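Read off the chains here:
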Amino acid sequence: MSDYNLPVTPTTQSRLAKVDFDDLGFGDVFSDHMFSCEFYNGTWQDPQIVPYGPISIEPGALCLHYGQAVFEGLKAFRGVDHLLRVFRPEMNAERLQQSCERLCIPAIDQELFCAAIEQLVAVDEKWLPTRRGESLYIRPLIFATEPNLLVKPADRYLFLIITAPVREYFSTEGGGVSLRAEPKYTRAAMGGTGSAKTGGNYAATLLPGMESVALGFDQTLWLDGRDHCYVEEVGQMNIFFKIEDTFITPPLHGTILPGVTRNSVLTLLKDRGAKYEERPISIDEVLAAYEDGKLKEVFGAGTAAVIAPIQRIAYQDTILEFDVESSGLASQWLYDTIVDIQTGAAEDTYGWNRIVSAPQTPARSMTGS
Ligand code: COI
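Given the structure is predicted, the values throughout are model-derived calculations rather than measurements.

Draft legend 1. The arrangement of the overall build of the protein chain in detail. A count of helices and strands for the protein chain gives eight helices and 16 strands. The principal-axis extent of the C-alpha atoms belonging to the protein chain is close to 60 × 55 × 35 Å. Taken over 369 residues, the protein chain has a buried fraction of 52%. In the protein chain, the share of contacts with a sequence separation of at least 24, taken over all contacts with a separation of at least 6, comes to 72%. Here the protein chain displays about 16600 Å² of accessible surface, and carbon together with sulfur accounts for 50% of that area. Where the 31 positive side-chain charges of the protein chain centre and where its 49 negative ones centre are 0 Å apart.

Draft legend 2. Region of the structure containing helix α5 (residues 206–214). Of all the residues in α5, the buried ones are P208, G209 and S212. Within α5, the buried residues cover an arc of 105 degrees as seen down the axis, which keeps them to one side. Summarising the geometry of α5, the exposed residues directed more than 90 degrees from the buried face are L206, M210, V213 and A214. In the core, the buried residues of α5 are packed alongside β8 (177–181) and β9 (219–221). Where α5 terminates, the next one or two residues include G216, which has phi positive at roughly 95 degrees.

Draft legend 3. Seen up close, the domain arrangement of the protein chain. One can read the domain layout of the protein chain as domain 1 (16–170 + 344–356) and domain 2 (177–324). Distance from the C-alpha centre of domain 1 to the C-alpha centre of domain 2: 26 Å. In this complex, domain 1 contributes 23 residues to the contact, which on the side of domain 2 involves 26 residues. For the domain 1 and domain 2 pair, buried surface summed over both sides reaches about 2000 Å², with 65% attributable to carbon and sulfur atoms. Broken down residue by residue, the surface that domain 1 buries against domain 2 is led by F71, R95 and F170, which jointly contribute 34%. One can count zero salt bridges joining domain 1 with domain 2. Remark: the boundary between domain 1 and domain 2 carries 13 residue pairs in polar contact (both at pLDDT 80 or more). Taken together, the elements giving at least two residues each to the side of domain 1 that touches domain 2 come down to β3 (69–71), β4 (74–78) and α2 (89–102). It is α2 that contributes the most residues to the side of domain 1 that touches domain 2, five residues altogether. For the side of domain 1 that touches domain 2, the per-class residue count stands at 13 nonpolar, four polar and six charged.

Parameters and conventions
Residues numbered from 1 in each chain as written. Predicted model: local features only at pLDDT ≥ 70, side-chain atom pairs only at ≥ 80, totals over all residues. Heavy atoms only, no water. Helix = DSSP H or I, 4+ residues; strand = E, 2+ residues; numbered from the N terminus. Buried < 20%, exposed > 50% of the residue type's maximum accessible area, 1.4 Å probe, protein only. Contact = heavy atoms within 4.5 Å. Areas by Shrake-Rupley, 256 points an atom, 1.4 Å probe, with all protein chains shown as cover. Lys, Arg positive; Asp, Glu negative; His and termini not counted. Charge placed at Lys NZ, Arg CZ, Asp CG, Glu CD. Arc of directions from axis to C-beta. Domains from an automatic or database assignment. Buried area = accessible area lost by both parts, 1.4 Å probe. Salt bridge = Lys/Arg side-chain N within 4 Å of Asp/Glu carboxyl O. Polar contact = N/O pair within 3.5 Å; in protein donor to acceptor, adjacent residues only side chain to side chain. Nonpolar A, V, L, I, M, F, W, Y, C, P; charged D, E, K, R; others polar.

This is the structure:
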């Protein structure tokens, strides 16, 4: 039981009735309330839940100039039993702490982080979508608000948590996701901020991402920053290759994000007795395995994306195509297993879910995706 019982200022103008739950996007509509907490005089203060709305910061705020900011992404689900569940918030709390350390931001109490999420989800429980594949996406963010143009850690910060009813990040209705292995630009280098969840990592991917889209691909597949030889991640998700019967994913050496879904996939593979390796995998090895007919499947794993099968990878002039429709794909099994746990359709033997106590409203309807 949490020690935190946060004050709530309820909205007087709910926007819920205006939301088209039959046509959700990803993160373009926000729920009625947000969590807010400020850091000043050397301590985090005034945690509370308030109506979602514009905030005021000075134009001199350090985050706007030097990017001292971190964020997280996790999800809450309305279960098949109508219970509300948040998936693995403790892991996000830990990763947020690591990101804060890297960006010189004062740590947040992990219990406050989890309590704030649970209480916010409870307050906005009517915003939780009901269809399989949909969820309430939770976005914690911390940024430096001290007005100052010195390049230094700030002495004031704002910690917000906002939520948004969402579908999955990638629509894979027309098949899987297509990737272009990036030969020139770099997402992260050893010693940099690649493993921290900070906005600059994402801003740096926009230009190469636009080039990938212009060439007909959904996303950029990042290669290592030194030689552009080893596969790293997709940017919105970690990546897995199935070569013969072994699953391979790049190791957490500091340049890629330690994904919660990545961790869940590895746990599920291990418990199923599947062979898996966390090791560097070069794009040449990927190409050779494809040529030899040994590369069976490629998929991405991320909170927003869940498990996204990869249909096409381009590297220079070579295009690799993958079957994403067959029955029996590991990506489908992993997707189903994770979503079943998240929605209470399968037993949560790992204790991954935190059940949120909230007044129960009748579910709109529970339909398949
Ligand atoms: C997530 O998967 O939660 C992410 O943060 C990726 C994203 C930038 C939508």
